[in-house]
Amino acid sequence: MTKRLTEIQLKKLKPKDKPYKVYDNTGLGLYGVLYPTGTFTWKQKFRIEGREYTDTFKPSYPSLSLAAARQQAQNNKVKHAQGINTHKEKAKKKLVTLEDVCWLWLEAFKLEYPKKYEETKNRMVKHLFAYFKDTNIRHIERQDIKDWITSMRKKGIGHTALRIKQNLVKVWEEARDRKLVTENIVSGIVFKKPKGKHHKAEVIPERFALLLLRIDRAKYSSLEHEIGIKLFPHLFARHSEMIRAKWSDFDFTNKTWHYIQKSEEGNTRYRTIGLSKQVINLLNTLPRTSKYIFPSERSTTGHISTFDNNYKKIINPKEEHSIHGFRSSARTIIHSSLRENPDVIESALGHRVPDRLGDTYNKNTWLPEKIEMCQKWSDYIDEIKKQAQRLEVVGND
């Protein structure tokens with residue numbers, strides 16, 4: 001006997017080289033298609049007057065849950081019994097709401113930027129569609145967009161509003177090309193970039209060393225959390241980059257970590273960080289059970305979500321030192337104590353380095369210099385920790 005689909009089964013599905021179908025045996029004709037990109041789309045097959053049709057549901061799973069897809073399929077089945085062809089009904093439907101046009105734009109966006117699609121789609125579904133629910137795009141005015149931006153800022157997610165606003169410029173171009181609107185009301189909205197969050201950082205070497213000793217002596221909930229937090233002082237990675245780190249991006253032979261870095265403008269750049277002997281030794285203590293260095297504790301395919309919970313038990317990020325603060329500490333102390341080239345430091349931090357000869361940005365990756373500097377920095381960390389320990393012994397005497 002065939003069984004109905006469950007949420008547990010859906011979460012265990014993995015993409016293959018070609019799209020494949022997964023059927024929900026409820027008598028509704030409902031099934032899902034999992035594409036190689038990881039997108040799972042609900043569809044419903046039905047017959048009217050002897051001819052077979054297929055409806056595609058939006059949005060994709062998990063935005064449209066299994067229960068919601070079944071309910072939609074059940075509603076459609078009632079219409080089918082009344083002789084209503086829901087497939088033709090959709091085809092006749094005109095693009096009238098902002099959400100309609102967004103989905104149309106997202107389909108084209110997915111073909112051009114498949115890796116950015118899920119993140120972009122989820123932002124719109126969560127923060128935009130609910131606000132402008134069922135609103136005719138012709139009726140939306142410039143002030144309505146400004147009011148939405150203000151509501152997002154009040155929630156403390158101005159950065160998210162900025163990214164969606166940038167997408168809305170393209171959405172309105174799509175609507176204008178289809179003669180749904182006469183002008184692009186979004187392109188003229190001035191949106192100042194939200195101020196960056198201040199991250200507490202300790203830049204005095206003696207105090208920095210005491211923080212490092214607390215990290216070394218702390219107890220952790222898992223080996224992955226311990227190694228991850230101990231790596232932050234040595235590496236120059238952001239928290240978001242560390243949790244997504246993959247084994248395949250690390251080259252222990254050439255002492256490099258090479259990965260894709262996303263800019264705030266949505267551009268993609270490649271970044272290379274040097275690996276010291278200390279970093280390699282820490283990484284070698286971890287088991288390789290996933291493609292991610294720090295695998296999720298809740299799923300078999302994802303990565304860890306955060307190091308914050310363990311870190312806050314050791315150091316107060318608001319009053320003492322934040323995780324992001326390790327980047328500021330490295331930048332300041334390496335420049336003042338190790339006297340390294342500022343351009344090499346900036347490149348190691350993943351910042352664009354201005355070219356003194358006139359080009360907008362320096363194309364030099366400074367790779368040999370970064371590898372050498374990273375080793376000096378790890379050696380320096382070990383040395384100041386030893387000095388702090390010696391002072392502790394003297395103080396106890």
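In what follows, the accompanying structure is described. (Residues numbered from 1 in each chain as written. Predicted model: local features only at pLDDT ≥ 70, side-chain atom pairs only at ≥ 80, totals over all residues. Heavy atoms only, no water.)

### Considering the environment of L64
- As for its placement among the helices and strands, L64 is situated in the loop between β4 (51-56) and α2 (66-81).
- When residues no more than four places from it in sequence are discounted, the contact partners of L64 are W42, F57, K58, P59, A69 and Q72. (Helix = DSSP H or I, 4+ residues; strand = E, 2+ residues; numbered from the N terminus. Contact = heavy atoms within 4.5 Å.)

### Considering the sheet that holds β4
- The strand order across the open sheet formed by four strands is β1-β2-β3-β4, and the pairing between neighbours is antiparallel. Looking along the sheet, the strands with just one partner apiece sit at the ends: β1 (20-23) and β4. Here the average twist between neighbouring strands, direction ignored, is 30°.
- Two elements, strand β2 (residues 30-34) and strand β3 (residues 40-48), share five bridges in a ladder whose sense is antiparallel. Residue pairing in the sheet places V33 in a bridge with T41 of β3.
- Sheet strands touched by α2: β2, β3 and β4. Its angle to β3, the strand with the most contacts, is close to 15°. (Pairing = 2+ DSSP bridges. Axes fitted to C-alpha atoms, helices over the stretch in contact; angles between N-to-C directions.)

### Remarks on the environment of A161
- Counting through the fold element by element, A161 comes out in helix α7 (residues 158-177).
- Taking the C-alpha atoms as reference points, A161 and E340, separated by 179 residues in sequence, lie 38 Å from one another.
- Once residues lying within four places of it in the same chain are set aside, the contact partners of A161 are W148, M152 and F191.

### Remarks on the packing of aromatic side chains
- A full pass over the atoms with the stated rule returns 18 aromatic pairs.
- Judged by centre distance (6.2 Å) and plane angle (75°), the ring pair of Y311 and F326 falls under edge-to-face. With Y311 in helix α12 (residues 308-312) and F326 in helix α13 (residues 325-338), this pair connects stretches of sequence that are 15 residues apart.
- Note on F326: relative accessible area 2%, which makes it buried.
- Across the ring face of Y35, the terminal group of K110 is positioned such that the distance to the ring centre comes to 5.8 Å.
- Note that R288 overlies the ring of W247, its terminal NZ or CZ placed 4.2 Å from the centroid. (Phe/Tyr/Trp six-rings, centres within 6.5 Å; stacked < 30°, edge-to-face > 60°. Buried < 20%, exposed > 50% of the residue type's maximum accessible area, 1.4 Å probe, protein only. Lys NZ or Arg CZ within 6 Å of the ring centre and 35° of its normal.)

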